[in-house]
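Secondary and tertiary structure notes
Okay, here's what each chain looks like letter by letter:
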Amino acid sequence: MQNWFENKRFFWATMLAPTVWFLAFFVAPMALVWAYSFGENAGPVNIAITGTFGNYAKAFRPEIIQVLSDSVVLAFIATLICLVLAFPVAIAMTFADDKTKSWLLLLIMLPFWTNLLIRTYALIAMMRTEGFINFSFAFFHNIAVSLGFNLGDYVPMELLYNKSAIVIGLVYVHLPFMVLPLYAALDKLDRSLIEASLDLGAGHMTTMWKIVVPLALPGIAAGLVITFIPAMGAYLTPDLLGGPNDLMIATLIERQFKRANDWPFGSALSFILMYVTLIFFALRTFFEARGGKVSAH
Amino acid sequence: MAEIKLTPEETALFLKGNSRSRRAFMAAFGATAAAFSLAACSKGSAPAAKDGGKIVIEGSEKAPLKFYNWDTYIGETTLDDFKAASDVPVEMTLFASNDELFAKFRAGNPGYDVIMPSNEYVTRMAEAGMLQPLDHAKIPNMKNIAPEFLDPDFDKGRKFSMPYTWLVLGIGYRKSAMKDGVAPDSWKYVLDSDQYKGKISLLGESMDLFRLTFKYLGHSVNDYTPELLKQAEAILVKQKAFVKNFHDDNGQDLLLSKEVDIVIEYNGDIAQVKKEDDDLDFIIPKEGSLLNSDCMCIPKGAPSPNNAHAFINYILDAKVGAAISKTILYPTPNAAAKALMDDAYKNNPIIFPPADKLAKCEYGKFLGQEYAQSIESAMNRVRAAK
């Protein structure tokens, strides 16, 4: 700290680029969108910033509330499934030897190398009526029939174009977002605590619940937030995998900016999504602060 | 037939399955068609010969022409031929949807000379003051355009636009899946019936879907009253229970993979998949349908308006137009170009549906901002309804 004044020039030399970037390409556009959310359409291209709350009022129409709550529920279910699936993976990664660990990490990162669109279409190829899953089931079904079981004709499962398809898609896409923070938290965990717990007679499950999970809570919280937020704002997945009843908020926003050409309403919806996100961040901070106090006692 | 090789971009577009796909698909389709029509018409057919094969552009700006087009939507050598004939190079960039085009011009012309909006967007952009009137004296090849395309409602007297292609919505279906072999000749089968329950895919594009529902209810696609909108909304909410999904202009793909048996799609898309599976077919329902037409326009503030006029005139030339149609295989409004095409294209009943059916089809009009927004809200209610 005593070098602060001396280093000021160095500080600004390094900070200038990120600051300019942040202001020009993050703060300014967001401010613009925020301003639009209080505007009205004045002709096909002009938006008058009138300070109206009309756009936010529109968002309280029942169908919009429906879409918003559907988005929250679907994202929440997907996040919970991610947590259940990711925790054992993160544990396995933590306790694996270095070589296996790096392979596991690579496997987790691998999907990021492929475009989301391609991955979603791969899911469609798996799940559609004439997809690989139904093919496999039909195959075993026919074997069973040929062995004399009277099962009748195979009726393909309707896997696509419904809410479960969206949840499967969201879990598929967002699982790495859950694994990585969990792994980061568990990797820092003091192993001697686990050994102590086991030595002192606690079983593996008890050790897991009473020692590992509480210590990993910050990682779990980070994972929940970092998974839930993009899942709620997911655009491609619900659009491609969802059925006639499944509209999520991102698609709704996209339509306002494009087809409806109603930028003020689209901006308001975007910011509502942002406010919801902020609420979840606030909750996280709140729980962390509380958790901190508990451990301080 | 030889395997069609798609470029990575085309594959991506195909996978994305949105409005671009229809053009990417057609390009792939066109690639084979071009292959067997090459014998009839040698590659790089001669450009409009004027002044010894050269086009002299009066007052040419001597700058490259900036052309904003849909993907895979131009002849293979069209742009090079134009450069050879006129010494004006063409720089083409691509857009994926009319909404993208419109959004790009909201803050003024970013420097384009020729753009390609669809029918109602011509109106919308003209109303927003984004287009400049065309000087018909500089486009003598306008004479090649079929008369029915010369005075459309969306651009009376062709003040702002010249037609490039047209297409029509209808019902694509799997013949063997139709009950009693009856062709679905009414919108009823997709919009108001449980006969093909769970095997129906509707167009996700809200405006067009509502317009077709108006048509089914016996109205013009451009009839709009709040009562009619409410009625259409009720029909769609009811029908939703029998619908598999709202597709993103990839209905032909759903049909081909047997995910559904009956879809609302464009004629060109179904023509393409019919090549792969002859069990598919296309019909324009008896109530009539919705036409679309992509048009060349010159945006206001275009740096090279004289070159732009010359380019539009060049595209409307019979041979040039035919060469483009051979690649993209869309229905062409250019009568002189169509006359030069082979029978496989000219007599394809899906690409060129019967005239009596087309007579009942209409263009969608741009009826103002509020109209678009009320349709969008109605669609949201349809999608959110339980």
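Thresholds applied
All residue numbers refer to positions counted from 1 along the written sequence of the respective chain. A letter from A marks each chain and a number from 1 marks each ligand, given out in the order of writing. At least 70 in pLDDT is required for a residue's local features to be given in this predicted model, at least 80 for side-chain atom pairs to be given and counted, and no such filter applies to totals for whole chains, interfaces and linings, which use all residues. With hydrogens and water stripped out, all remaining heavy atoms of the structure feed into the side-chain values. Helix and strand labels come from DSSP, where a helix needs a run of H or I of at least four residues and a strand needs a run of E of at least two; each type is numbered from the N terminus. Contacts were defined at the residue level, with two residues in contact if any of their heavy atoms lie within 4.5 Å. The pairing test for Phe, Tyr and Trp rings, Trp by its six-membered ring, is centres within 6.5 Å, and the orientation test on the planes gives stacked under 30 degrees, edge-to-face over 60, and tilted for anything in between. Partly exposed describes any residue whose relative accessible area lies between the buried limit of under 20% and the exposed limit of over 50%, with all areas from a 1.4 Å probe on protein chains only and scaled to the type maximum. Only lysine NZ and arginine CZ atoms are considered, and such an atom sits over a ring when it is within 6 Å of the ring centre and within 35 degrees of the ring normal. By convention, the term buried area covers the 1.4 Å-probe accessible surface removed from two parts as they join, with the contributions of both added. Any Lys or Arg side-chain nitrogen located within 4 Å of an Asp or Glu carboxyl oxygen qualifies as a salt bridge. Under the rule applied, a polar contact is a pair of N or O atoms within 3.5 Å (in protein, one hydrogen donor and one hydrogen acceptor; residues adjacent in sequence only if both atoms are side-chain atoms). Any residue outside Ala, Val, Leu, Ile, Met, Phe, Trp, Tyr, Cys, Pro, Asp, Glu, Lys and Arg is labelled polar, Gly included; the first ten of those are nonpolar and the last four are charged. Every patch collects residues that have over 30% relative accessible area and no salt bridge, joining them within 9 Å if they carry like charges and within 5 Å if they are nonpolar side chains (Val, Leu, Ile, Met, Phe, Trp, Tyr). Residue burial considers only the protein chains on display, and all accessible areas are found by Shrake-Rupley using a 1.4 Å probe. All domain edges in this entry derive from an automatic or database-based domain assignment. Axis angles are defined between N-to-C directions and span 0 to 180 degrees, where every axis is a line fitted to C-alpha atoms and, for a helix, only to the segment in contact. In what follows, roughly perpendicular refers to angles from 65 to 115 degrees, roughly parallel to angles under 35, roughly antiparallel to angles over 145, and oblique to any angle outside these ranges. Whether a crossing is left-handed or right-handed is set by the direction in which the near helix is turned from the far one by less than a right angle, anticlockwise for left-handed and clockwise for right-handed. A residue's pLDDT is simply how confident the predictor is in it, with values from 0 to 100. In plain words, nonpolar cores are sets of buried Ala, Val, Leu, Ile, Met, Phe, Trp, Tyr and Cys residues tied together by side-chain atoms within 4.5 Å.

If you tally the helices and strands in chain B, you get 16 helices and 10 strands. Partitioning the intrachain contacts of chain B with sequence separation of at least 6 by distance along the chain shows that 76% fall at a separation of at least 24.

Summed over the entire model, instances satisfying the criterion amount to 28 aromatic pairs over all chains. Here B:Trp70 and B:Phe95 contribute two aromatic rings whose centre-to-centre distance is 4.7 Å and whose plane-to-plane angle is 50°, an arrangement assigned as tilted. Here B:Trp70 is found in strand S1 (residues 65-70), whereas its partner B:Phe95 is found in strand S2 (residues 90-95), with 25 residues between them in sequence. Grouping residues by exposure puts B:Trp70 and B:Phe95 together as buried. Between B:Phe105 and B:Tyr112, the ring centres sit 6.0 Å apart and the planes meet at 40°, which makes this aromatic pair tilted. The ring of A:Trp263 has B:Arg106 sitting right over it, with the charged end atom 3.8 Å from the ring centre.

Turning next to the interface of chain B and chain A. Counting residues at the interface gives 41 residues for chain B, matched by 36 residues for chain A. Across the interface of chain B and chain A, roughly 3,500 Å² is buried in total on both sides, 49% from carbon and sulfur atoms. The partner of A:Arg259 in a salt bridge is B:Glu205, and the shortest N-O contact between them spans 2.9 Å. In this assembly, chain B and chain A are joined by 13 residue pairs in polar contact (both at pLDDT 80 or more). Elements supplying a minimum of two residues to the side of chain B that touches chain A: helix H1 (8-16), helix H4 (98-105), helix H5 (119-127), helix H7 (206-216), strand S6 (243-247) and helix H16 (369-384) of chain B. Ranked by the residues each element gives to the side of chain B that touches chain A, the list is headed by H16(B), at 10 residues. A breakdown of the residues in the side of chain B that touches chain A according to their chemical character gives 15 nonpolar, 11 polar and 15 charged.

Taken together, A:Trp103, A:Leu106, A:Leu107, A:Met109, A:Leu110, A:Phe112 and A:Trp113 make up a surface patch of nonpolar side chains, about 740 Å² in accessible area. Position of A:Phe112 relative to the elements: it lies in the loop between helix H4 (98-109) and helix H5 (116-127).

A few words now on the pattern of salt bridges. Here the structure, examined in full by the defined rule, presents 23 salt bridges over all chains. Put simply, A:Arg255 and B:Glu376 hold a salt bridge, and the shortest N to O gap is 3.3 Å. Highlighted residues: A:Arg255 in helix H11 (residues 249-257) and B:Glu376 in helix H16, drawn from two different chains. Exposure class is identical for A:Arg255 and B:Glu376. Each is buried. Close ionic contact of B:Glu120 with B:Arg211 constitutes a salt bridge, the shortest N to O distance being 2.7 Å. One end of the pair, B:Glu120, is in helix H5; the other, B:Arg211, is in helix H7, with 91 residues separating them in the sequence. Comparing B:Glu120 with B:Arg211, the two get one shared label, buried. By sharing partners, the salt bridges in this structure join A:Arg259, B:Glu120, B:Glu205, B:Asp208 and B:Arg211 into a single network.

In the Ramachandran plot, A:Tyr161 falls in the positive-phi region, its phi being about 60° despite a non-glycine side chain. Along the chain, A:Tyr161 turns up in the loop between helix H6 (132-146) and helix H7 (163-187). Within the chain, B:Asp180 stands out as a residue other than glycine whose phi angle is a positive 55°. Structurally, the position occupied by B:Asp180 is in the loop between strand S4 (161-174) and helix H6 (188-191).

Right, let's talk about the domain arrangement of chain B for a bit. Residue and element names in this part refer to chain B. Split into domains, chain B comes out as domain 1 (19-166 + 292-352) and domain 2 (168-291 + 360-384). The distance between the C-alpha centroids of domain 1 and domain 2 comes to 28 Å. Of the residues lining the interface, 22 residues belong to domain 1; the matching set on domain 2 comes to 24 residues. Across the domain 1 to domain 2 interface the summed buried area is about 2,100 Å²; carbon plus sulfur atoms make up 59%. If you look at where domain 1 meets domain 2, you find 1 salt bridge. Put simply, domain 1 and domain 2 have 4 residue pairs in polar contact (both at pLDDT 80 or more) between them. Looking at the side of domain 1 that touches domain 2, the elements that each hand over two or more residues are helix H2 (19-37), H5 and strand S9 (290-297). The element contributing the most residues to the side of domain 1 that touches domain 2 is H2, with 7 residues.

All names here are of chain A. Closest axis-to-axis distance for the helix H3 (residues 62-95)/helix H9 (residues 204-232) pair is 9 Å, and the angle between their directions is 140°. Here H3 lies oblique to H9, going by the angle between them. As for the relative orientation of H3 and H9, their crossing is right-handed in sense. For the pair H3 and H9, the contacting residues are Ser71, Val72, Ala75, Phe76, Thr79, Cys82, Leu83, Phe87 and Ile91 in the first and Met208, Val212, Val213, Ala216, Ile220, Leu224, Thr227, Phe228, Ala231 and Met232 in the second.

This part covers the confidence of the model for chain B. Residue and element names in this part refer to chain B. This prediction gives chain B a mean pLDDT of 85; 87% of its residues lie at or above 70. This stretch, residues 1-52, has a pLDDT under 50; its non-local contacts, to residues over four places away or in other chains, come to 94 contacts. As scored by the predictor, the complex reaches a pTM of 0.80 and an ipTM of 0.80.

The next subject is the environment of A:Asn55. Residues and elements named next belong to chain A. Checked against the element boundaries, Asn55 lands in helix H2 (residues 54-58). Sequence separation between Asn55 and Leu269 is 214 residues, and the spatial gap between their C-alpha atoms is 8.2 Å. At 2.8 Å, the side chain of Asn55 forms a polar contact with the backbone oxygen of Gly39.

Glancing now at the nonpolar core. Within soluble globular proteins, side chains that are nonpolar tend to cluster in buried spots. If you look at the biggest cluster of nonpolar residues, it comprises 127 residues, and the most contacted ones within it are B:Leu202, B:Phe210 and B:Ile264. By residue number, the principal contributor to this core is S4(B), which donates 8 residues. By size, the runner-up hydrophobic cluster in this structure holds 27 residues, among which are A:Ala86, A:Phe87, A:Met93 and A:Val167.

Let's shift gears to the side chain of B:Asn348. Residues and elements named next belong to chain B. With respect to the helices, strands and loops of the structure, Asn348 is situated in the loop between helix H14 (343-346) and helix H15 (355-358). Accessibility expressed as a relative area gives 16% for Asn348, which makes it buried. Within the local environment of Asn348, its side chain forms a polar contact with the backbone nitrogen of Ile350, the two atoms lying 2.8 Å apart.

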